[in-house]
Amino acid sequence: MFQSFFSDAREFFPVLMQGVLTTVAITAAALVIATVLGLFWALLRVSGIGPLAHASRILTNLIRGVPIIVVLFYMYFVLPDAGISLTAFQAGALGLGVAYSSYMAEVFRSGIDAVDVGQFEAAQSLGMSRARLMRRVVLPQAFKISLPPYGNNVVMMLKDSSQTAVITVVELSMQSKLIASSTFKSATIFTLVALMYLAMSLPMMYLIGKLERRMGRR
């Protein structure tokens, strides 16, 4: 049994690795989008400008209330009707990034809100502008506070990248289903897939934890 498993694993591993590379690429692209958009939504929420803060809160709540798969369908099937044509990879990265930007916004907002109000008052007493106060004082501390939930979202995003298979992105889960449907060796293939996801997730968790401890010592 084990000999057959390892023999099949050697055969399927190179093909599955192509799916791993696509999974990593789409997760990295979506992470950039989610981080930039999430920080933007969070800054609007704490801007002190009522209409902007209200609009940001409504938008992030709307995005969080829609399943990721629907966001992906919208990016891939609806945007072309508006003259915006995206490849499956582009639609997957954008859809995943937009969906997770709402979660990242809450992570960053809670981190900013957790910074001691005395830090704001001290910076303002030195004559800092609000923009400089956020850049030099608040955001570095907020990032440190936000790191654990941010890291959790990154790992969840890696796993949720499998949902991009519904718009024909051939990432790891799609690659495994294609192989399983043609070889009928589901046990071997999906065991390999589970191990591959663990091989991507566990080092990420370790690095985030290490960074968190290092920042905590500082």
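Thresholds applied
Residues numbered from 1 in each chain as written. Predicted model: local features only at pLDDT ≥ 70, side-chain atom pairs only at ≥ 80, totals over all residues. Heavy atoms only, no water. Helix = DSSP H or I, 4+ residues; strand = E, 2+ residues; numbered from the N terminus. Buried < 20%, exposed > 50% of the residue type's maximum accessible area, 1.4 Å probe, protein only. Contact = heavy atoms within 4.5 Å. Salt bridge = Lys/Arg side-chain N within 4 Å of Asp/Glu carboxyl O. UniProt positions renumbered as here; feature names shortened; annotations may be inferred. Axes fitted to C-alpha atoms, helices over the stretch in contact; angles between N-to-C directions. Left-handed = near helix turned anticlockwise from the far one by under 90°. Nonpolar A, V, L, I, M, F, W, Y, C, P; charged D, E, K, R; others polar. Core = buried A, V, L, I, M, F, W, Y, C linked by side-chain atoms within 4.5 Å. Patch = residues over 30% accessible without salt bridge, like charges linked within 9 Å, V, L, I, M, F, W, Y side chains within 5 Å. Areas by Shrake-Rupley, 256 points an atom, 1.4 Å probe, with all protein chains shown as cover. Expected span 1.5 Å × (residues − 1). Arc of directions from axis to C-beta.

### A few points about the overall build of the chain
A count of helical and extended segments in the chain gives eight helices and zero strands. The principal-axis extent of the C-alpha atoms belonging to the chain is close to 70 × 50 × 20 Å. Counting the 218 residues in the chain, one finds 40% classified as buried. Sequence-distant contacts in the chain: of pairs separated by 6 or more residues, those separated by 24 or more amount to 76%.

### Some details on the side chain of threonine 60
For threonine 60, the location among the structural elements is in helix H2 (residues 50-64). You can call threonine 60 buried: its relative accessible area is 1%.

### Quick notes on the pattern of salt bridges
Under the definition given, this model contains three salt bridges. Between arginine 45 and glutamate 106 there is a salt bridge whose closest N-O contact spans 3.1 Å. Residue arginine 45 is located in helix H1 (residues 2-45), and its partner glutamate 106 is located in helix H4 (residues 88-114); the two are separated by 61 residues in the primary sequence. Among the residues examined, glutamate 106 registers a relative accessible area of 18% and is labelled buried. The partner of glutamate 106 in a salt bridge is arginine 109, and the shortest N-O contact between them spans 2.9 Å. You can see glutamate 106 and its partner arginine 109 sitting in helix H4, three residues apart, about one turn around the helix. One network of salt bridges, in which partners are shared, links Arg45, Glu106, Arg109 and Asp113.

### A word on the UniProt feature "transmembrane region" (unreviewed entry) in the chain
UniProt feature "transmembrane region" (unreviewed entry): in the numbering of this structure it lies at residues 20-46, 58-79 and 187-208. The distance separating the terminal C-alpha atoms of residues 20-46 is 38 Å; by composition the span is 96% helix and 0% strand. From the first C-alpha to the last, residues 58-79 spans 22 Å; its make-up is 82% helix and 0% strand.

### Things to note about the packing of H4 against helix H6 (residues 130-160)
Relative to each other, H4 and H6 sit at 140°, their axes nearing to 8 Å. Here H4 and H6 pass one another in a crossing that is right-handed. When its residues are assigned to classes, the contact of H4 with H6 shows 18 nonpolar, three polar and one charged.

### Description of the nonpolar core
In this structure, Ile68, Met75, Leu96, Tyr100, Met104, Tyr150 and Met157 are the most contacted members of the largest nonpolar core, which totals 25 residues. Elements with a contribution of two residues or more to this core: H1, helix H3 (68-78), H4 and H6. The greatest single-element share of this core, amounting to ten residues, is contributed by H4. Grouped together as the second largest cluster of nonpolar side chains are 14 residues, Leu192, Val193, Met196 and Tyr197 included.

### So, a nonpolar patch on the surface
On the surface, a nonpolar cluster with roughly 430 Å² of combined accessible area is contributed by Phe73, Tyr74, Phe77, Val78 and Val166. Tracing the sequence through the fold places phenylalanine 77 in helix H3. A residue is classified by how much of its surface remains accessible, and phenylalanine 77, at 47% relative accessible area, is partly exposed.

### A word on H2
Residues spaced three or four apart along an α-helix face the same direction, because each turn holds 3.6 residues. An ideal rise of 1.5 Å per residue puts 21 Å on 15 residues; H2 measures up with 21 Å between its terminal C-alpha atoms. Taken as a whole, H2 has its buried residues at Ala53, Ser56, Thr60 and Ile63. Taken down its axis, H2 places every buried residue within 100° of arc, on the same side. Residues of H2 that are exposed and point over 90 degrees away from its buried face: Pro51 and Leu62.

### Observations regarding the environment of leucine 207
Relative to the elements of secondary structure, leucine 207 occurs in helix H8 (residues 186-217). Its relative accessible area of 54% is what places leucine 207 among the exposed residues. Each C-alpha atom, one on leucine 207 and one on valine 36, is 21 Å from the other, the two residues being 171 residues apart in sequence.

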